[in-house]
Each structure stands twice: as C-alpha cells, then as structure tokens.
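An overview of the molecular structure
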Amino acid sequence: MIMNNIISLENPPEMLLEVKNLKKYFEKNHGLIDTLLGKTEYVKAVDQVRFSIRKGETLCLVGESGCGKTTIAKILLGLLQATEGEILYKGEDLTKCVPKRFKELRTKIQMIFQDPYASLDPRATVYDSVAEPLEVNGLTHNKHEKVMAALELAKLLPVEKYLYKYPHQLSGGERQRVGVATALVMNPDFVIADEPTSMLDVSVQANLLSLLQDLKRKNNLTMLFITHNLSVAYVFGDRLAIMYLGRIVEMGTTEIIKNEPLHPYTKALFSVVPRLHPDGHGKTILEGDIPDASHIPSGCPFHPRCPEAQERCQTIVPELEEIGNERQVACILVSKMIPV
Ligand code: SF4
C-alpha cells in the first residue's frame, strides 16, 4: 500500500527548495499601436506563488488544467524565465545564477514528463535515451554502470531485455519507466513529475505510482508532483498545494487538508471524489469552466464559481495567509486579517 512520508514538524529536514513571490506574465499581443501607446496587457499564468519543499518531501501541486502548474515546472527547469520572484535551491537563487552555475545545479533537478510517447526519441534505443543526459552534461564516467543501475531502479527487468529496444517496441508503462530511468540516471536530489500517470491506462497507473513511491522512500527523493487528480495527490503527496488560475489557494499537509478542506475550491475538488469527501459521499458543487487566464475575474478569482461567495468577494483579493499548523489559505471566510 502506498503511504505518505511522515515529516516531523519538531525536527524538520533541511529545506531544499523555496519559491518566493513567483510570477510569470505573458504579454498579450495587441499590435504595434497598443505597444507604442503603452497599452500592453498581460496573461498572469503564475501570480505570487510561494511554497517550499523540505528534503525527502513530496509536494503535490493540484488543480485543473490551465491553472499554471506546468508553467511553474518549466520555470524551475529553466525552460521559461520568471517575470519576478526567487527560486532558492539549497539557498542559491536559480533566477540569478550565471548560466554555468545554473547548468551545474540543474543536473540535480530532473523531470519525468507527462507524455511517454512524445518524450522519447523514436530513433533512439532505451540505452541511448537513458544515457543521453550523461552525454549532454559530460558525465560519461562509468556510463554503462549508471545506465544499468537506473534501468534497474526503474524496474525494467531483466535490464538486458530492454537495452536495445526502441520506443515503439515498448508498452506505455514501459516507456514511462524509461522516462523515470532517464531522470534517475543523473542521481538527482529533486525530481519534478508532471502528470506522469495521466497518459497511462488505469491498471498501469497504480504500478507506476507504487514504483515512484518506492524510489522516493529508498532514495530519499524530494519531489514536486503535478497532477489534476486529487485521488493521486492524496496517496502520493506529503503536502498539497491547491492552485486556481495561477495562484495557490490552499496549502498544508495532505492529512489536515483531507480531513478539513477550508478553501471552497478545495472543498469542491474533494466533493467530486466520493471516497475523499469528509462525509464519505460526493456531490458536484463546482459549476462552469475555469476562466481564461487572460480574463481573470476581479476580486477573488474564484468568485464566479464559488458556492460560498459574498458580494465583497468581487472586490477583495484574498492573499495566501498563514492560519497555523503550517497551513495557508486564501479566502476571506478563513482570513484573520480581513474583517468580516
Ligand atoms: Fe469564495 Fe469569497 Fe472565499 Fe473567494 S474569497 S473562495 S469567492 S468565499
């Protein structure tokens, strides 16, 4: 059975990653005239996001598609530049590193991609795919041993059977395990897994989650696990960060949030998963689609869909506020700072 790590609050492990006030705004293209007149508008894909991850911990970023989860992953990996904010990795700000230092640190931050079909080169054998990050980073000393060890960790056994196969000769689950081996071959400190099970059959998903949980425990891996699936987040995450329209709206330990979700959006997500619902039954209370990030509603961005919205929610933007027990919520109903 998959179990969450227990992180002691009295004697917590060292901090591996701290993200502070992270913003990613994309410019909307309105043409030259608007640009000259200074009428540039922005799509706020990620706005004022802050979170931290301790060594050995897994933080699950949860939210509907388009809420900014993958944009955060891309910024952490250096695939997108942050508009503003700090990303402290072992105390060093990745946004301010010179390229050479960023490349060094980046070797210890690896990614497991969502799409095992698209993330592998169809012309490369399993061996070549797993060896590629070593080649790219000039870390080819003991290359063969490293590749074999990574494939073993990813449970592609017996390893010899897979070494010279091409992606089209593998099942979806086997391809995703090659993706896992490709991340592990670099002996990472920190792994970002972006919806790693969403393209797999349900029967294969559980096996992959079990493998990742095993690796996490045995290798003390620290993970940022991105998912839209709250059931997966619940079994996999030590802590949850619930995202809505580019912002984190609730964050805390999985157990505490599961037992008492406070933000109306979190409650809505839990309500559609019957076995996670505090009352043991589910009912859909979330109506409508997530708005376009280029037209974020005024006030609390969730107010047009919020079943508990008040009139003042149309004008007040609730900040993510510490409410005790290492838990943060962004809602006026929970806020200690916004008067009733
Ligand atoms: Fe709902 Fe208002 Fe809370 Fe936003 S601030 S989640 S609209 S109650």
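Refer to the structure above for everything that follows.
The shown structure was predicted, so the numbers you read here are calculated from the model rather than taken from an experiment. (Residues numbered from 1 in each chain as written. Predicted model: local features only at pLDDT ≥ 70, side-chain atom pairs only at ≥ 80, totals over all residues. Heavy atoms only, no water.)

Comments concerning the sheet that holds strand E8 (residues 222–227)
A sheet is described by the order of its strands in space; here eight strands give the open sequence E6-E7-E8-E3-E9-E10-E12-E11, paired in mixed fashion. With one partner strand each, in any of the chains shown, strand E6 (109–112) and strand E11 (321–324) form the two edges of the open sheet. The average undirected angle you get between the axes of adjacent strands in this sheet is 25 degrees. Pairing of strand E3 (residues 58–62) with E8 involves five bridges; the strand directions are parallel. Within E8, the residue paired with Leu61 across the bridge is Ile226. (Pairing = 2+ DSSP bridges. Helix = DSSP H or I, 4+ residues; strand = E, 2+ residues; numbered from the N terminus. Axes fitted to C-alpha atoms, helices over the stretch in contact; angles between N-to-C directions.)

With respect to the site of the ligand
Every one of the 13 residues lining the ligand counts as a neighbour, but Cys300, Cys306, Cys313, Cys331 and Ile332 are closest to it. When atom positions are compared with the pocket grids, the ligand is found to occupy the largest cavity. Of the residues in the shell around the ligand, the class split is 10 nonpolar, two polar and one charged. (Near = heavy atom within 4 Å. 1 Å grid on protein atoms, 1.4 Å probe; cavity = no way out; pocket = protein on both sides within 12 Å on 5 of 7 lines; lining within 4 Å. Sits in = over half its atoms within 2 Å of the grid points. Nonpolar A, V, L, I, M, F, W, Y, C, P; charged D, E, K, R; others polar.)

Overview of the sheet that holds strand E4 (residues 84–89)
On the basis of which strands lie adjacent, the open sheet formed by four strands has the order E2-E1-E4-E5 and antiparallel pairing. One side of each edge strand has no neighbouring strand; the edge strands of this open sheet are strand E2 (41–54) and strand E5 (92–93). Inspection of the sheet shows strand E1 (residues 15–28) paired to E2 by 10 bridges, in the antiparallel sense. Its bridge partner being in E2, Met15 is matched across the sheet by Arg54.

Looking at helix H4 (residues 126–136)
Listed as buried for H4 are Val126, Tyr127, Ser129, Val130, Ala131, Pro133 and Leu134. On its buried face, H4 is in contact with helix H5 (143–153), helix H6 (159–162) and helix H7 (172–184). Immediately downstream of H4, the backbone of Gly138 shows phi near 65 degrees, a positive value. (Buried < 20%, exposed > 50% of the residue type's maximum accessible area, 1.4 Å probe, protein only. Contact = heavy atoms within 4.5 Å.)

A look at the nonpolar core
The biggest cluster of nonpolar side chains holds 56 residues, and the ones touching the most others in it are Val130, Leu151, Val180 and Phe225. Setting aside residues up to four positions removed in sequence, Leu151 forms contacts with Val126, Val130, Leu156, Val159, Leu163 and Ala181. Tyr89, Cys97, Ile109 and Ile192 belong to the second-largest nonpolar core, a separate cluster that totals 34 residues. (Core = buried A, V, L, I, M, F, W, Y, C linked by side-chain atoms within 4.5 Å.)

Re the pattern of salt bridges
Scanning the model with the defined rule gives 17 salt bridges in all. Put simply, Lys155 and Asp214 hold a salt bridge, and the shortest N to O gap is 3.6 Å. Residue Lys155 is located in the loop between H5 and H6, and its partner Asp214 is located in helix H8 (residues 202–219); the two are separated by 59 residues in the primary sequence. Given a relative accessible area of 41%, Lys155 falls into the partly exposed group. In this structure, Lys218 engages Asp214 in a salt bridge whose closest nitrogen and oxygen atoms are separated by 3.0 Å. One end of the pair is Lys218 and the other is Asp214, both in helix H8 and four residues apart, which spans about a single turn. (Salt bridge = Lys/Arg side-chain N within 4 Å of Asp/Glu carboxyl O.)

Remarks on the pairing of strand E9 (residues 239–244)
For E9, the tally of buried residues reaches six of six residues, placing the bulk of the element in the interior. Here E9 shows a buried face lined by Arg239, Ala241 and Met243 and a second buried face lined by Leu240, Ile242 and Tyr244. Here E3 pairs with E9 via four bridges, running parallel. Bridge assignment links Leu59 to a residue of E9, and that residue is Arg239. Relative to strand E10 (residues 247–253), E9 is paired through six bridges, and the arrangement is antiparallel. Bridged to Ala241 within E10 is Met251.

A word on the packing of aromatic side chains
Applying the stated criterion across every chain, the model contains six aromatic pairs. Arranged with centres 6.2 Å apart and planes meeting at 25 degrees, the rings of Tyr127 and Tyr164 form a pair that is stacked. Of this pair, Tyr127 sits in helix H4 while Tyr164 sits in the loop between H6 and H7, and the two are 37 residues apart along the sequence. When its relative accessible area of 55% is taken as the criterion, Tyr164 is described as exposed. Three or more aromatic residues joined by ring pairs form one cluster here, namely Tyr244, Tyr265 and Phe302. Across from the ring centre of Phe236, 5.3 Å away, lies the NZ or CZ of Lys216, which sits over that ring. (Phe/Tyr/Trp six-rings, centres within 6.5 Å; stacked < 30°, edge-to-face > 60°. Lys NZ or Arg CZ within 6 Å of the ring centre and 35° of its normal.)

A short note on the layout of surface pockets
By volume, the second largest pocket is sized at about 540 Å³. Of all the secondary-structure elements, those providing two or more residues to the lining of the second largest pocket are helix H3 (99–106), E6, H4 and H7. Per-class residue counts for the lining of the second largest pocket are nine nonpolar, eight polar and four charged. (Points joined across faces, edges and corners; volume = space filled by probe spheres on them.)

Notes on the side chain of Thr71
Checked against the element boundaries, Thr71 lands in helix H2 (residues 69–76). When near neighbours in sequence (up to four residues on either side) are disregarded, Thr71 contacts Lys24, Phe26, Ala45, Val46 and Leu80.

Digging into unusual backbone geometry
Residue Pro158 is reached from Leu157 by a cis peptide bond, and omega for that bond is -10 degrees. Non-glycine residue Gln48 carries a positive phi angle of around 50 degrees. Relative to the helices and strands, Gln48 is located in strand E2. Residue Gln48 is classed as partly exposed on the basis of its relative accessible area, which comes to 32%. Even without being a glycine, Asn142 presents a positive backbone phi close to 60 degrees. Structurally, Asn142 can be placed in the loop between H4 and H5.

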